[in-house]
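As a plain string of letters, each chain reads:
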Amino acid sequence: MKIALIGNQNCGKTTLFNQLTGSNQHVGNFPGVTVDKKSGLARAAKQLEITDLPGIYSLSPYTSEEVVTRDFLLEEKPDAIINIIDATNIERNLYLSLQLLELKIPTVIALNMMDEVRQNGWSIDIRMLSERLGVPVVPISASKNEGVSELLDRTAEAGEKRLLPARTDFCGGEVHRAIHSIAHVIEDKARTAGIPLRFAATKLVEGDELILKRLGLSENETDILGHLVSEMEKALGTDREAALADERYNFIAAVCEGQESA
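Residues numbered from 1 in each chain as written. Predicted model: local features only at pLDDT ≥ 70, side-chain atom pairs only at ≥ 80, totals over all residues. Heavy atoms only, no water.

A look at the sheet that holds strand β1 (residues 2-7)
Applicable threshold: Each pair of strands is called paired provided DSSP finds at least two bridges between the two strands. For the purposes of this entry, the term helix denotes a DSSP run of H or I that reaches at least four residues, the term strand denotes a run of E that reaches at least two, and both are numbered from the N terminus. In this analysis an axis means a line fitted to C-alpha atoms, helices contributing only their contacting stretch, and an angle means the value between N-to-C directions, from 0 to 180 degrees. Residues count as neighbours in contact if any of their non-hydrogen atoms are within 4.5 Å of one another.
Spatial strand order, β2-β3-β4-β1-β5-β6-β7: seven strands in an open sheet with mixed pairing. Edge strands, defined here as strands with exactly one partner in the open sheet, are β2 (25-29) and β7 (137-139). Neighbour-to-neighbour, the strand axes of the sheet open up by a mean angle of 25 degrees, direction not taken into account. Pairing geometry for β1 and strand β4 (residues 49-52), over four bridges, is parallel. Looking at β4, one finds that A4 is bridged to T51. Across the sheet, helix α1 (residues 13-21) is in contact with β1, β2, β3 (36-41), β4 and β5 (80-86); its angle to β3 comes to roughly 30 degrees. On the sheet, helix α2 (residues 64-76) packs against β1, β4 and β5 and is oriented at approximately 155 degrees with respect to β1.

In structure tokens, the structure reads:
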């Protein structure tokens with residue numbers, strides 16, 4: 001079973017990878033780029049291969065780290081994802097999480113640095129967080145090896161049973177309409193290209209040229225997409241990327257309300 005370990009920079013990802021794999025790891029580079037590729041077999045379950053992907057904040061193709069991570073997810077098609085997030089800064093970390101959930105890959109969120117949360121006198125409603133995001137959430141402290149065993153068990157279960165995220169739609173209003181309209185236009189092409197439909201439609205709303213190229217749309221289909229996006233931008237009075245980012249951050253703010261208070 002192939003497991004992808006993904007998170008923002010400085011979220012404790014390397015510490016977790018080392019706890020999971022111990023000395024059973026090897027380091028190389030992704031083909032064509034000087035970006036580290038670290039993989040290893042889990043100490044507790046040798047049939048689980050874990051790949052530690054570069055620390056990123058988004059799945060937009062602006063940096064080599066983002067492109068490498070996205071290509072790995074789309075082409076290698078891991079059996080499950082561990083999305084590690086910093087429990088002391090949930091709001092910033094969840095922006096990447098929402099994009100990962102759109103990929104419809106079994107995912108478990110590792111809520112790291114819970115020891116710091118307790119020290120600060122904060123409380124986090126793990127069950128509510130899991131329900132709102134539609135995936136298991138496991139509290140851990142990677143540096144102290146707390147919760148790591150449960151995390152691995154939940155991830156293996158998610159991968160074996162193909163427990164897909166229960167939610168992939170985090171947008172409302174005009175953005176929601178644009179995404180769904182585009183999904184209808186590209187459905188066949190996304191299936192042929194092996195790209196999850198929701199992810200592809202969202203990326204086209206953003207204006208992602210790499211996804212557009214991979215889909216191989218006709219001139220007529222491309223014109224339809226341009227019209228749908230223009231209508232959305234006109235209705236909202238903002239550009240395509242800002243429109244989608246606003247919806248994601250509104251959803252995240254609603255999820256996080258009260259989550260990091262004493």
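Topic: helix α10 (residues 219-236)
Helical geometry: 3.6 residues make up each α-helical turn, so side chains three or four residues apart lie on a common side. The following threshold applies: The span one expects for a helix is its residue count, reduced by one, times 1.5 Å. Working definition: with a 1.4 Å probe on protein chains only, accessible area under 20% of the residue-type maximum means buried, over 50% means exposed, and in between means partly exposed. The reported arc concerns the directions from the helix axis to the C-beta atoms and nothing else.
The terminal C-alpha atoms of α10 lie 26 Å apart, and with 18 residues this matches the ideal 26 Å at 1.5 Å per residue to within 8%. Those residues of α10 that fall on the buried side of the exposure criterion are E221, L225, L228, V229 and M232. Viewed along the axis of α10, the buried residues span an arc of 90 degrees, placing them on a single side of the element. Facing away from the buried side of α10, by more than 90 degrees, are the exposed residues E219, N220 and K234. Of the surrounding elements, those touching the buried residues of α10 are α7 (173-193), α8 (197-206), α9 (209-215) and α11 (240-256).

Let's talk about unusual backbone geometry
Positioned with a positive phi, M113 is a non-glycine residue whose angle comes to about 65 degrees. One non-glycine residue, R162, adopts positive backbone phi at about 50 degrees. Secondary-structure assignment places R162 in the loop between α6 (148-161) and α7. The exposure class assigned to R162 is partly exposed, which follows from its relative accessible area of 46%.

Describing the packing of aromatic side chains
What counts here: Two aromatic rings, drawn from Phe, Tyr or Trp (for Trp, its six-membered ring), form a pair once their centres lie within 6.5 Å of each other, and the interplanar angle then sorts them: stacked below 30 degrees, edge-to-face above 60, tilted otherwise.
For the coordinates displayed, the defined rule picks out two aromatic pairs. Each ring, one from Y95 and one from Y249, has its centre 4.7 Å from the other, and the planes form 20 degrees; the classification is stacked. One end of the pair, Y95, is in helix α3 (residues 90-101); the other, Y249, is in helix α11, and 154 residues separate them in sequence. The class for Y95 is buried, based on a relative accessible area of 11%. For Y249, a relative accessible area of 40% puts it in the partly exposed group.

Re the layout of surface pockets
Applied cut-off: Only protein atoms enter the 1 Å grid, on which a cavity is a set of points fitting a 1.4 Å probe that cannot get out and a pocket is an open set with protein on both sides within 12 Å along at least 5 of 7 lines, lining residues being those with an atom within 4 Å of a point. Grid points are joined across faces, edges and corners, and a volume is the space filled by probe spheres set on the points. Under the scheme applied, nonpolar residues are Ala, Val, Leu, Ile, Met, Phe, Trp, Tyr, Cys and Pro; charged residues are Asp, Glu, Lys and Arg; polar residues are all the others, including Gly.
When its volume is computed, the largest pocket comes out at roughly 190 Å³. If you go around the largest pocket, the residues you meet are F30, P31, V33, K37, S64, V67, V68, D71, F72, E75 and E76. Of the residues contributing to the lining of the largest pocket, the split by class is six nonpolar, one polar and four charged.

Just distances and angles here, no functional claims.
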